[in-house]
Amino acid sequence: MSPILSWNLRERSSVIYRFLHIFDCVLVCFFLWFYVWIYNVPWSPYYTHLEILLFLSSFFSFHYFQLYRSWRGWKYYREFMVILQAWGAVIGFLLFYFFMFKISIAYSRTVFILLSLSTPILIFLSHFLVRKLLRFYRTQGKNIRHAVIVGAGDLGIRMAKDLENIPWAGIEIIGFFDDKLEKQEVLAPLKKPLLGKIGDVETFLVEHDVDYVYIALPMRAEKKIFDILQNCRDLGAQILLVPDLYIFGLHHAEIQSLGEMIVLNFNPERQWKRTFDVIFSSLVLIIGSPLFLLLAVAIKLDSRGPVFYRHRRIMATGRSFACLKFRTMVSDAEQQLERLLADDPDVQAEWEQHYKLKHDPRITRIGKFLRRTSLDELPQFFNVLKGEMSVVGARPIVGKELQAYYKGNGEQSAGRYCSMKPGITGPWQVMKRSDIENYQERVELDDWYVLNYSLRTDLVIIAKTIKCMFSGKGAY
């Protein structure tokens, strides 16, 4: 078969993306026509003008938001969020057009609402099918990109293993470049050769067809990194720097700009997480307001004292805040605790290990019910609205716990913990709750969440939390 007729996706990927770009714009126009037809809306010149505006605005918006970049190795929800942003810009432009020319009355509101809500989902489904086909094609050993890794240390080896675990990304590691590695025994499990010293990268790129160069060097090797960027960026390969965020004990760092400077933020505010927190907590507070009132009355009738209990907990960056709960203990609980710890060494040992007592005599009758069902934590949704907590996150802890267990264990748990807000619920709530005997397990659960959180994980934890509230297992 001649080269002109050969189907080499690697050579024609840009053509595929251009076709997909045009196809999406045509698809958007088709959706408009289909909704007009299905609802028997009379076609008019206004809809013809709208079709033209829709095609042009979609074309420029989809291009501006880089909808047709390479999505190799990216998760689906990231692409969907970009589609939402691009389509939101199109809808904003059309609303502005309707407002400026006072012609919104010429269009069916039902058609416009359906078009606005369904289009991003339908576009994502078309992209999903294309990505599925490309992933299948790559798993068959076709449409493969070739890459080299500069640096055969822990970071470089981790990079190679991660790429091996996602064959659908279609990236094959040719080998490594490293100055310190004299023998290839370290690379034997990966079955990848040592191609030479770091200084040999430029010559190798000239003589071989390489798509990606992953620089996996420690930050102290800035001169070598600069030399690669200076000498190899015009040799046909994309240069990518793999920052060793593991040395800081955190994956979820974010690059930001400050004036003309680039800074790495280790306490990023994930927009989706904050948006979800506000929407979810607002709904809970609105829908649950009758229950709040009922519980407040029950607490007041059961024992003397305030309805709410405020306790200082640690939030992001290590600052403290007043964590709200429904009061579940007698009003002089602190004074009674001092007497309990002084009178019984076993009670003191249990308190020092868990910072709570399994058979606590200070808990009121309604307090036992609130704790067993976790309803005592409902007021924390006010903390979420204030931005002090998240719906899902690490376990709220006190300052002593941070110092003794998150800093005192010789690991990097304190830095991870203080990188994000604590949650009303979390993996500790749905896995073992208060049944954990070893405090280190609690720290490990918090570490796991900070390093692995996602919208899907949060939704699963919320669903399991509701189940735990009805079972009451492990709560006291």
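Treat the numbers as computed from the prediction; the structure is a model and nothing was measured.

Draft legend 1. Seen up close, the side chain of Asp-178. Within the fold, Asp-178 resides in the loop between strand E2 (171–177) and strand E3 (194–196). Despite its burial, Asp-178 pairs with no opposite charge, the nearest such side chain being Lys-197 at 7.0 Å. If we ignore the near neighbours within four places in the chain, the residues touching Asp-178 are Gly-151, Ala-152, Gly-153, Leu-194, Gly-196, Lys-197 and Ile-198.

Draft legend 2. Focus on the pattern of salt bridges. Applying the stated rule across the entire model yields five salt bridges. For Lys-223, the salt bridge identified is with Asp-227, shortest N-O distance 3.4 Å. Of this pair, Lys-223 and Asp-227 both sit in helix H7 (residues 222–232), four residues apart, which is roughly one turn of that helix. A salt bridge links Lys-386 to Glu-388; the nearest nitrogen and oxygen atoms lie 3.5 Å apart.

Draft legend 3. Summary view of the packing of aromatic side chains. Inspection of every chain in the model, using the stated rule, returns 25 aromatic pairs. Seen in terms of ring centroids, Tyr-47 and Tyr-107 are 5.2 Å apart; in terms of plane orientation they differ by 90°. Their pairing is edge-to-face. Here Tyr-47, found in helix H2 (residues 45–64), pairs with Tyr-107, found in the loop between helix H3 (76–101) and helix H4 (109–139); they are 60 residues apart in sequence, far enough to count as distant. On the basis of an interplanar angle of 65° and a centroid distance of 5.4 Å, the ring pair of Phe-98 and Phe-112 is categorised as edge-to-face. Remark: Phe-112 occurs in helix H4 and Phe-98 occurs in helix H3; sequence separation between them is 14 residues. Positioned above the aromatic ring of Phe-99, the side-chain terminus of Lys-102 is 4.3 Å from the ring centre.

Draft legend 4. Summary view of H2. In this model, H2 (20 residues) spans 29 Å end to end at C-alpha, consistent with the 28 Å of a helix rising 1.5 Å per residue. Burial in H2 covers these residues: Tyr-47, Leu-50, Glu-51, Leu-54, Ser-57, Ser-58, Ser-61 and Phe-62. In an axial view of H2, the angular spread of the buried residues amounts to 155°, which keeps them on one side of the axis. Pointing more than 90 degrees away from the buried face of H2 are the exposed residues Pro-45, Phe-60, His-63 and Tyr-64. A positive backbone phi angle near 55° is found at Gln-66, which sits one or two residues after H2.

Draft legend 5. View of the packing of helix H14 (residues 399–407) against helix H17 (residues 439–452). At their nearest, the axes of H14 and H17 sit 10 Å apart, and the two run at 90° to each other. Considering the angle they form, H14 stands roughly perpendicular to H17. Each of Glu-401, Tyr-405 and Tyr-406 in H14 lies in contact with H17, whose residues at this interface are Tyr-439, Arg-442, Val-443 and Asp-446.

Draft legend 6. Representation of the nonpolar core within the structure. Judged by nonpolar contacts, the single largest core of 31 residues is most densely connected at Leu-32, Leu-54, Phe-62 and Trp-87. Here the element with the most residues in this core is H3; it accounts for ten residues. Leu-54 has contacts with Val-28, Cys-29, Leu-32, Trp-87, Val-90, Leu-94 and Leu-115, leaving out every residue within four places of it along the chain. Counting residues in each nonpolar core, the second largest holds 29 residues, with Phe-276, Val-430, Tyr-449 and Cys-468 among its members.

Draft legend 7. Examining the sheet that holds strand E5 (residues 238–241) more closely. Spatial strand order, E3-E2-E1-E4-E5: five strands in an open sheet with parallel pairing. Two strands close off the open sheet at either side, each with one partner strand: E3 and E5. Mean inter-strand twist for the sheet, computed between neighbouring axes without regard to direction, equals 35°. Running over the sheet, helix H5 (residues 154–164) touches strand E1 (145–150), E2 and strand E4 (212–215) and is turned about 165° from E2. In this fold H7 packs onto E1, E4 and E5, with an angle of close to 165° to the strand it touches most, E5.

Draft legend 8. Expanded view of unusual backbone geometry. Although it is not a glycine, Asn-40 sits at a positive phi angle of roughly 55°. Mapped onto the elements of the fold, Asn-40 is located in the loop between helix H1 (9–38) and H2. Note on Asn-40: relative accessible area 68%, which makes it exposed.

Each value, and the rule that gives it
Residues numbered from 1 in each chain as written. Predicted model: local features only at pLDDT ≥ 70, side-chain atom pairs only at ≥ 80, totals over all residues. Heavy atoms only, no water. Helix = DSSP H or I, 4+ residues; strand = E, 2+ residues; numbered from the N terminus. Buried < 20%, exposed > 50% of the residue type's maximum accessible area, 1.4 Å probe, protein only. Lys, Arg positive; Asp, Glu negative; His and termini not counted. Salt bridge = Lys/Arg side-chain N within 4 Å of Asp/Glu carboxyl O. Contact = heavy atoms within 4.5 Å. Phe/Tyr/Trp six-rings, centres within 6.5 Å; stacked < 30°, edge-to-face > 60°. Lys NZ or Arg CZ within 6 Å of the ring centre and 35° of its normal. Expected span 1.5 Å × (residues − 1). Arc of directions from axis to C-beta. Axes fitted to C-alpha atoms, helices over the stretch in contact; angles between N-to-C directions. Parallel < 35°, antiparallel > 145°, perpendicular 65-115°, else oblique. Core = buried A, V, L, I, M, F, W, Y, C linked by side-chain atoms within 4.5 Å. Pairing = 2+ DSSP bridges.

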